[in-house]
Amino acid sequence: MKIVITKSKQEASLYVAEKLMNVLASKEHPTLGLATGGTPKGVYAELINAYTKNETSFHHAVTFNLDEYLGLDLNNKQGYAYYMQENLFKYVNFNPDNIHIPNGKASNPEKECQRYHELIKAHNDIDIQLLGIGTNGHIGFNEPSDQFYLATHITTLDEQTRKSNARYFDSLEAVPKRAITMGVGEIMDSREVVLLALGEAKQDIMEKLLNSKTVDPKLPASVLHLHRNLTVVMDEAAAKKYNKKVRT
Ligand code: GLP
């Protein structure tokens, strides 16, 4: 694991955006694993900025998003399909046919999970997976559990997750209770993983994760300790407690 601590959020976002751009430049059909939430917004802003300066292109890339709420369709403002359009896709030159997000409105969600899993495999897995982290240690929507789920699956959201994400909805009741998420198997099969954590709200979970001595499905992100090509990027605020701990 490589750990990078930056002075600011912007520096961290630029560092991660450059990693994605390196992969974009390195392959004929790179597959990007994309994340949502507040954390990657700065990364997407840097990618848009680089695209407008002709420093990168997305015409040849394939994307797989980590997750989507069950019951929200493409036009729902709280859905991740909408988020991706608004924060990245509409500003750059992806081929719409190459953009993949689980369909939260699928009539048969189990079948949708299977379809998504097979699509990732048919693309020979993901070249670089961007991850945020929940305050409970979730990655994608792989919530604390007694076991790791390997493939894309339907997950019941943790109450802590619903509360954290309620800020994007009108009320806590409006936050869906279930979602479709990529599994830890598909995440771990990615050739490179970048975990980005920003801000003080992430200092406790990052301290817990980076000092964890075991791989424990109750702390889903702990599985990343087993990945051979993982970079953890934090701003100083997110790294505050971790730093303190290693100094003493
Ligand atoms: C969301 C997403 C995750 C994301 C996490 C953190 O619910 N499913 O992929 O990493 O929670 O969100 P934020 O970046 O807003 O803190």
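All figures in this text were calculated on a predicted structure; none of them were measured in a lab.

1. Brief notes about the site of the ligand
Piece 1. The full set close to the ligand counts 15 residues, and Gly 38, Thr 39, Asp 67, Asn 165 and Lys 202 are the nearest of them.
Piece 2. The separation between an oxygen atom of the ligand and a polar side-chain atom of Thr 39 is 2.4 Å.
Piece 3. One nitrogen or oxygen atom from the side chain of Arg 167 is found 3.0 Å from an oxygen atom belonging to the ligand.
Piece 4. Bound to the protein, the ligand loses 94% of the 390 Å² it would expose on its own.
Piece 5. For the shell around the ligand, the per-class residue count stands at four nonpolar, eight polar and three charged.

2. Looking at helix α4 (residues 109–122)
Piece 1. The end-to-end C-alpha separation of α4 is 20 Å, in line with the 20 Å expected for 14 residues at 1.5 Å each.
Piece 2. Within α4, the full set of buried residues consists of Glu 112, Cys 113, Tyr 116, Leu 119 and Ile 120. Axial view of α4: buried residues confined to an arc of 130°, hence all on one face. Seen from the buried face of α4, the exposed residues on the opposite side, beyond 90 degrees, are Glu 110, Lys 111 and Ala 122.
Piece 3. Residues of α4 that are buried in the fold lie against β3 (62–65), β5 (99–100), β7 (153–156), β8 (178–181) and α6 (184–188).

3. Digging into the sheet that holds β7
Whether parallel or antiparallel, the strands of a sheet pair through hydrogen bonds between backbone atoms.
Piece 1. Spatially, three strands are ordered β4-β8-β7 in an open sheet, and the strand pairing comes out antiparallel. Edge strands, defined here as strands with exactly one partner in the open sheet, are β4 (67–69) and β7. Shown here is a sheet whose adjacent strand axes are inclined to one another by a mean of 30°, direction ignored.
Piece 2. Of the pairings in the sheet, the one linking β7 to β8 comprises four bridges and is antiparallel in character.

What counts, and at which threshold
- Residues numbered from 1 in each chain as written.
- Predicted model: local features only at pLDDT ≥ 70, side-chain atom pairs only at ≥ 80, totals over all residues.
- Heavy atoms only, no water.
- Near = heavy atom within 4 Å.
- Polar contact = N/O pair within 3.5 Å; in protein donor to acceptor, adjacent residues only side chain to side chain.
- Areas by Shrake-Rupley, 256 points an atom, 1.4 Å probe, with all protein chains shown as cover.
- Nonpolar A, V, L, I, M, F, W, Y, C, P; charged D, E, K, R; others polar.
- Helix = DSSP H or I, 4+ residues; strand = E, 2+ residues; numbered from the N terminus.
- Expected span 1.5 Å × (residues − 1).
- Buried < 20%, exposed > 50% of the residue type's maximum accessible area, 1.4 Å probe, protein only.
- Arc of directions from axis to C-beta.
- Contact = heavy atoms within 4.5 Å.
- Pairing = 2+ DSSP bridges.
- Axes fitted to C-alpha atoms, helices over the stretch in contact; angles between N-to-C directions.

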